[in-house]
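Spelled out, the chains give:
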Amino acid sequence: MLSFSDYLDAVPKVELHLHIAGAIRPETLDELAVVNGLRLPKRAEELYRFTSFYDFLDALRLAALALATPQDFRRAAHECIEDLHRHGGVRHAEIFFNPHYHAPNGIAYPEMVDGLIEGLEAAERDFGVSSRLIACIDRSVCLPSEALQMLDWMAAHPRDRVVGIGLDGAERAGPPLLWAEAWRQAGRAGLRRTAHVCEDNQALFEAPPAHFSHCRDALGCDRLDHGYNILADPAVVARAVREGVHFTAASWSGLPGNRAPRRQRIRAMFEAGLDISLCTDDPAIFGTTMGHGWRTVFADLGWGVAEARRLSLAGLRASWLPEARKAVLEAGFVAMLDALEAELDPGDRAVDLAVTRR
Ligand code: ADE
Ligand code: ZN
């Protein structure tokens, strides 16, 4: 018999919203900082404790600087997939990396991308988790011209694993329309497109529901990251439902005060019929894992097997794998879900909320 917690951890999942700079284990960050001569103001465990979204972004950018050689990228990617595999049943992951975090550090695009790919390939062999990469622009520190520069790097060094582009950082610093030209060019180059939008740590006037339409109409995004603030406009919610737009929600916030409200927004999105998956965003910095995020959401919202099945399959369908590959994986997911449900102890609804590593 399977406990409910073990069932939740074992449900097959896809991770669609994870930043590699936010997934560096604290012990790895401390070690790489020493080896690479990066002076951290405090040890990683402390650096990963902050009180504002903007301090979090600073910590994230600092952590990124610890990746200084292709081997560091390889290690970060491998460890990240290992954590997703061991602590939450992830079978496929699509991972953001920000070339402009590393380029000023003297690391050329092909060095970082090939280091990441080596780590992902090794992790696929070791853990059976497939993966793709998404090159990302931090709107707080990049200009639109740098987004075009990133597209040039991607065109000069095409890699099958790099399938799309993303936009992160603080939405108030770079609203979607600023990026329209770069996103249009990315579409013409055959890249998939997403953007962080309507994140709940931005005020409504900074990240209004109208940004959803800008991301769809001007940026051509086919899925979106976060999206909670669209709940303020029922017409936008209705459009997103009608168009089946997928939102990669983060189940655990880095800011303690936002965790319970975030879960209520996730509930509201789910109940409104929006297509969502539960993701980790920055698991090492936030001190969470995929399994922990799922358990906290399910415990708080009183969800069960029907919700688990819907979320599991929604994430897979929203991935940027080829359709034929998704069909094969989906048959496997359904078989696994059936088997897990058959094993689940029907009387057990207790949820273990420990972050660790089950
Ligand atoms: N970069 C990493 N995580 C992020 C988030 N949740 N929002 C904006 N930028 C990010
Ligand atoms: Zn994010």
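Data block above holds the structure.
First, a word on what this report is: a plain description of the structure on this page. Along each chain, the written sequence defines residue order, and numbers are assigned to residues from 1. Whichever chain is written first becomes A and whichever ligand is written first becomes 1, with later ones labelled in order. Confidence filtering applies because this is a predicted model: local features only for residues at pLDDT of at least 70, side-chain atom pairs given and counted only at 80 or more, and all residues used for totals across whole chains, interfaces and linings. The side-chain quantities take in all heavy atoms of the structure and omit both hydrogens and water.

**Describing the pairing of strand β8 (residues 246-250)**
To keep things clear, this is the line we draw: Whether a residue is buried, partly exposed or exposed follows from its accessible area with a 1.4 Å probe, protein chains only, as a fraction of its type maximum: under 20%, in between, or over 50%, in that order. Counting from the N terminus, the helices are the DSSP runs of H or I reaching at least four residues and the strands are the DSSP runs of E reaching at least two. Note: two strands are recorded as paired if DSSP finds a minimum of 2 bridges between them. Viewed with both strands pointing away, a crossover whose connecting path from the first strand over the helix to the second turns clockwise is right-handed.
Most of β8 is tucked away: 5 of the 5 residues are buried. Side-chain alternation along β8 places His246, Thr248 and Ala250 on one buried face and Phe247 and Ala249 on a second face that is also buried. Looking at chain direction, strand β7 (residues 223-226) and β8 are connected through 3 bridges and run parallel. Its bridge partner lying in β8, Asp225 is registered against Thr248. Each parallel crossover has a hand, and for β7 linked through helix α11 (residues 234-243) to β8 it is right-handed. As defined by bridge partners, β8 adjoins strand β9 (residues 275-279) across 5 bridges and the pair is classed as parallel. Bridge pairing in β9 places His246 opposite Asp275. After leaving β8, the chain enters helix α12 (residues 259-271) and then returns to the sheet as β9, a path that is right-handed.

**Considerations on the sheet that holds β8**
Strands sit in the order β6-β7-β8-β9 across an open sheet of 4 strands; the sheet is parallel. The open sheet has two edge strands, β6 (196-197) and β9, and neither has a second partner.

**Things to note about the side chain of Glu171**
Here is the rule we go by: Only heavy atoms enter the contact rule, under which two residues are in contact if any of them lie within 4.5 Å.
Considering the arrangement of structural elements, one finds Glu171 in the loop between β4 (162-168) and α9 (180-188). Residues within four places of Glu171 in sequence aside, it is in contact with Arg139, His196, Val197, Cys198, Glu199, Gln202, Glu206, Ala207 and His211.

**Regarding the site of ligand 1**
Note the following rule: By convention in these notes, a residue is near a molecule or strand provided one of its non-hydrogen atoms lies within 4 Å of it. Two N or O atoms form a polar contact when they lie within 3.5 Å of each other; inside protein one atom must be a possible hydrogen donor and the other a possible acceptor, and for residues adjacent in sequence the pair counts only when both atoms belong to side chains. Per-residue accessibility takes into account occlusion by the displayed protein chains alone, with areas from the Shrake-Rupley method and a 1.4 Å probe. Think of it as three bins: nonpolar holds Ala, Val, Leu, Ile, Met, Phe, Trp, Tyr, Cys and Pro, charged holds Asp, Glu, Lys and Arg, and polar takes everything else, Gly as well.
Within the structure, ligand 1 sits among His19, Phe53, Phe56, Leu57, Leu60, Asp168, Gly169, His196, Glu199, His226, Asp281 and Asp282. In this structure, a nitrogen atom belonging to ligand 1 sits 3.2 Å away from a side-chain N or O atom of His226. Within the side chain of Asp282, one N or O atom sits 2.7 Å away from a nitrogen atom of ligand 1. Protein contact buries 99% of the 260 Å² of open area that ligand 1 shows by itself. Of the residues that constitute the shell around ligand 1, the class distribution is 4 nonpolar, 4 polar and 4 charged.

**As for α9**
Heads up, the rule is: As used here, the arc is the angular range of directions from the helix axis to the C-beta atoms.
Burial in α9 covers these residues: Ala180, Ala182, Trp183 and Ala186. Each buried residue of α9 lies within a common arc of 165 degrees when the element is viewed along its axis, so the set occupies one face. Buried residues belonging to α9 abut β3 (130-138), α8 (144-156), β4 and β5 (192-193). In the stretch just after α9, Gly190 is the one whose phi turns positive, near 85 degrees.

**Notes on the coordination of the zinc ion (ligand 2)**
Note the threshold: We call an atom a donor if it is N, O or S and sits within 2.8 Å of the metal, or 3.2 Å for Na, K and Ca. Water is not counted, so some sites may look partial. In these descriptions, tetrahedral denotes four donors with every angle between 85 and 135 degrees, square planar four donors and octahedral six donors with opposite donors over 155 degrees apart and the rest between 65 and 115, and irregular any other case.
Coordination of the zinc ion (ligand 2) by the protein comes from His17 (NE2), His19 (NE2), His196 (NE2) and Asp281 (OD), over a distance range of 2.0 to 2.3 Å. Seen from the zinc ion (ligand 2), its 4 donor atoms lie at angles of 80 to 173 degrees, and the figure they make is irregular. As a motif over one chain, the donors of the zinc ion (ligand 2) read H-x1-H-x176-H-x84-D. In this pair, His19 sits in strand β1 (residues 13-19) while Asp281 sits in the loop between β9 and α13 (283-286), placing the two residues 262 residues apart along the sequence. Judged by relative accessible area, which is 4%, His19 ranks as buried.

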